[in-house]
Structure formats: C-alpha cells, structure tokens
Amino acid sequence: MKRYFLFDSLIEADKTTPFTQATQTLFRMLELDVPSLKEAKSDVGFEMMMLDQEKFYIRNAFTLSKAAKENAHIVCPEQSSFSSLAITKEALQTNPELYEKVASALLDKSVTLNLDVEILSLERFLLEVCGIEKLQTMLKRPFTKFQAALFQSSAYCRARKFNRDEDLNALLDLIELKRVKHEHRFESDGYELFDANPQAAQKLCGKAMLDMFDNAADFIVVTDARSFVMCDVYQKESEKLLGREIGLFSLTLPELLVLALGETNAKAIGVDKHNVRVTLL
C-alpha cells in the first residue's frame, strides 16, 4: 500500500496557511492518512532557481530524499511546491553532472540522494486515491450559484509539462463551479517582481484582478501560493495604486472542496486567515 506525505512547507507559510489548513481538513473529512513531511525544506519557488540554481536543486532534493527514505510519496496542495519538486526530480534524472553535485552536497548533510518518490498535485492524488465517485457521494454544497475566475498565472505555464488540466477541471466540474473567461488566467501575478518593485508587482496583479471583476467573477480561484499572497494579502495596496476597488476574495482548491463537502467552520477551512473577507459563510 502506498504511503503519502503532505508537503505543507509552502512559500511564505505565514501568509499561505489557507492552502494547508483546508487540505488537512479535507483529508480528515475523507479519512485519508496523509501526515506532514516534517523534515521538508520550505519551498522557495522559481525565484530561487533564477538566483541560485544549484541551491534550488539541493533544497528540493533534500525533501525528495527524505520522503523516499520513508518509502512515501509527496502530495502538494498548490502549484509552486509541486513545480519546484517536479522540475528538480527531472533535472537530476537527466543531468548526471548535476546529479553528482547535488548528491555530494547532500552527503555533507548526511543525506543520501534518492529520487524514488512520486510528486502528486492535490487534484491527481484525490482522483487516484479517492476517485470521483466517492467525492460525488460526499458533495453537499455545490457551487451552482457562483462563477469564478480561475487564476493559474504564468508560473503554471513554466511547468505545463507536469500539469494535468483535466484533473483540475474534473474537480471544478464536480462541485459545479462555472468559470468565467478572462485574459489574465496565465499572466503574471506579479510575485516575481515584488522584491525588486512592490508597487509594480501590485499594479500588475491588480490589473489582472480588475479584469476578472469586469468579467463578472464572484471570486478568484488560485492554484499557487504566490498568487494567493498577491491577490489576498496585497489586494488593498493594489486598489490604492489603481484607484479602484476590486473586492474579490480568493479561494484555494482545497478550500473550495471542503466548502463543497459541507464544512462551515471558518477556522477549519482556513478562511479566517484571509485578508479579504470570504462572504460564502
């Protein structure tokens, strides 16, 4: 029987707890035993890869090796960590020189490099382990009265080869959520610019959110922890810079699912940690 660990060491973990809180609640509701991968290195996203590629690979290889040592696989609740780990595994499997460098660096930390581990997105894990039929039987509050803007950002495109659009669409269809069309679905959320120019980053994300608002979205569905930070934590700053109210709350996929399965406790869902108030409860 396969074992799984939840990767909950997300980028900016103090701001992105709605991803992990809702995922843990979802697993409890589904009676799935998926403990946290305690020794995982925190995700640093593509930004670290651009600054120090070798360090990026070493950090992620450490996490992969820790899971492999436990004969377990990794479930990622959002895009950034999933992409980082998947890209690292592929790079090490296809580049012998890089493999040797990373293996040597890990040995200095008393860790043996081991890539015998699967990296699964939350949606792939749910479809493989639970199946759409079980989820369907547990559905209590479908989103039939709402339409949302799906915001996957440019980060999704960088790792498109590892992603399965059909998995996400299957779960959104399951909860009967209509999606509005908008031009910014795969555009930058501004996060990669934030350290260099916070105002430019906030304007970029603000324009994307206004596009979603103008296309009649009731809320935003974010699939990446970085997008959540930009859309939720910095939405007020974006409004000030653009001189226009946005007023769109963001929901993560695990939050959507636990809501659809009937959870109403704000703390259990994670919406108590949002900056922009979620009005569904």
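These numbers come from a predicted model, not from an experiment.

Enquirer: Even after reading the chapter, I still don't get the sheet that holds strand β3 (residues 119-121), so can you show me in this structure?
Expert: Through backbone hydrogen bonds, the strands of a sheet pair up, either in parallel or in antiparallel fashion. The parallel open sheet is built from three strands, whose spatial order is β1-β2-β3. Among the strands making up the open sheet, the edge pair consists of β1 (3-6) and β3. Each strand axis lies, on average, 35° off the axis of its neighbour in the sheet, ignoring direction. Relative to strand β2 (residues 72-76), β1 is paired through four bridges, and the arrangement is parallel. Within β2, the residue paired with arginine 3 across the bridge is alanine 72. Across the sheet, helix α3 (residues 53-69) is in contact with β1, β2 and β3; its angle to β2 comes to roughly 130°.

Enquirer: Even after reading the chapter, I still don't get the sheet that holds strand β4 (residues 147-151), so can you show me in this structure?
Expert: With parallel pairing, the four strands of this open sheet are ordered in space as β5-β4-β6-β7. Unpaired on one side and paired on the other, β5 (178-179) and β7 (250-252) mark the two borders of the sheet. The pairing of strand β6 (residues 219-222) with β7 spans three bridges and is classified as parallel. Directly across from valine 221, in β7, lies its bridge partner leucine 251.

Enquirer: I tried to follow the side chain of threonine 252 on my own but got confused; where do I start?
Expert: Within the secondary structure, threonine 252 is located in strand β7. Residue classification places threonine 252 among the buried positions, given a relative accessible area of 0%. Threonine 252 has contacts with Pro18, Phe19, Val222 and Phe228, leaving out every residue within four places of it along the chain.

Enquirer: Can you walk me through unusual backbone geometry in this structure?
Expert: Most peptide bonds take the trans configuration, and most residues that are not glycine carry a negative phi. Backbone geometry at glutamate 176 places phi at a positive 60°, although glycine is not the residue there. Even without being glycine, alanine 216 reaches a positive phi, approximately 70°. Mapped onto the elements of the fold, alanine 216 is located in the loop between α10 (198-214) and β6.

Enquirer: I tried to follow the state of the cysteines on my own but got confused; where do I start?
Expert: What makes a disulfide is a covalent bond joining the sulfur atoms belonging to two cysteines. Applying the stated criterion across every chain yields a total of zero disulfides. The thiol of cysteine 205 is unpaired, and the distance to the nearest cysteine sulfur, on cysteine 231, comes to 3.7 Å. Accessibility expressed as a relative area gives 0% for cysteine 205, which makes it buried.

Enquirer: Explain the nonpolar core to me, please; I cannot follow it from the model alone.
Expert: Where a protein is soluble and globular, its nonpolar side chains tend to be buried together. Judged by nonpolar contacts, the single largest core of 62 residues is most densely connected at Tyr57, Ile74, Val102, Leu106, Leu113, Met212 and Ile220. Considering each element in turn, this core owes the most residues, eight residues, to α3. Excluding residues within four positions of it along the chain, isoleucine 74 makes contact with Phe5, Phe7, Leu37, Thr63, Leu64, Ala67, Leu85, Val117, Glu118, Ile119 and Leu120. Core analysis: the second largest hydrophobic core is formed by 42 residues, Ala22, Leu120, Phe219 and Leu259 among them.

Enquirer: Mind showing me how you'd approach the pairing of β6 here?
Expert: The side chains of a regular strand alternate between the sheet's two faces. Burial along β6 is two-sided: Phe219 and Val221 facing one way and Ile220 and Val222 facing the other are all buried. Pairing of β4 with β6, which is carried by four bridges, proceeds in the parallel orientation. Across the sheet, leucine 150 pairs through a bridge with valine 221, a residue of β6.

Enquirer: Even after reading the chapter, I still don't get the environment of lysine 101, so can you show me in this structure?
Expert: Mapped onto the elements, lysine 101 comes out in helix α5 (residues 96-107). Residues lysine 101 and serine 250 lie 149 residues apart in sequence; the distance between their C-alpha atoms is 40 Å.

Enquirer: Can you help me understand the environment of aspartate 165 in this one?
Expert: Structurally, aspartate 165 is set in helix α9 (residues 165-174). C-alpha separation for the pair aspartate 165 and glutamate 123, spaced 42 residues apart in sequence, amounts to 9.9 Å. Each residue touching aspartate 165, except ones within four places of it in the same chain, is listed here: Gln152, Tyr156 and Arg160.

Enquirer: Can you walk me through the packing of α9 against helix α13 (residues 253-260) in this structure?
Expert: Pairs of packed helices are described in terms of their axes, by the angle between the two and the distance that separates them. The geometry of α9 relative to α13 is characterised by a closest axis approach of 10 Å and an angle of 30° between their N-to-C directions. As far as their axial angle goes, α13 and α9 are roughly parallel. Judged by the twist between their axes, the crossing of α9 over α13 is left-handed. On α13, the residues touching Leu168, Leu171 and Leu172 of α9 are Leu253, Leu256 and Leu257. Along the lines of polarity and charge, the residues of the contact of α9 with α13 split into six nonpolar, no polar and no charged.

Conventions and cut-offs
Residues numbered from 1 in each chain as written. Predicted model: local features only at pLDDT ≥ 70, side-chain atom pairs only at ≥ 80, totals over all residues. Heavy atoms only, no water. Pairing = 2+ DSSP bridges. Helix = DSSP H or I, 4+ residues; strand = E, 2+ residues; numbered from the N terminus. Axes fitted to C-alpha atoms, helices over the stretch in contact; angles between N-to-C directions. Contact = heavy atoms within 4.5 Å. Buried < 20%, exposed > 50% of the residue type's maximum accessible area, 1.4 Å probe, protein only. Disulfide = S-S within 2.5 Å. Core = buried A, V, L, I, M, F, W, Y, C linked by side-chain atoms within 4.5 Å. Parallel < 35°, antiparallel > 145°, perpendicular 65-115°, else oblique. Left-handed = near helix turned anticlockwise from the far one by under 90°. Nonpolar A, V, L, I, M, F, W, Y, C, P; charged D, E, K, R; others polar.

Purely geometric stuff here, so don't read any function into it on its own.
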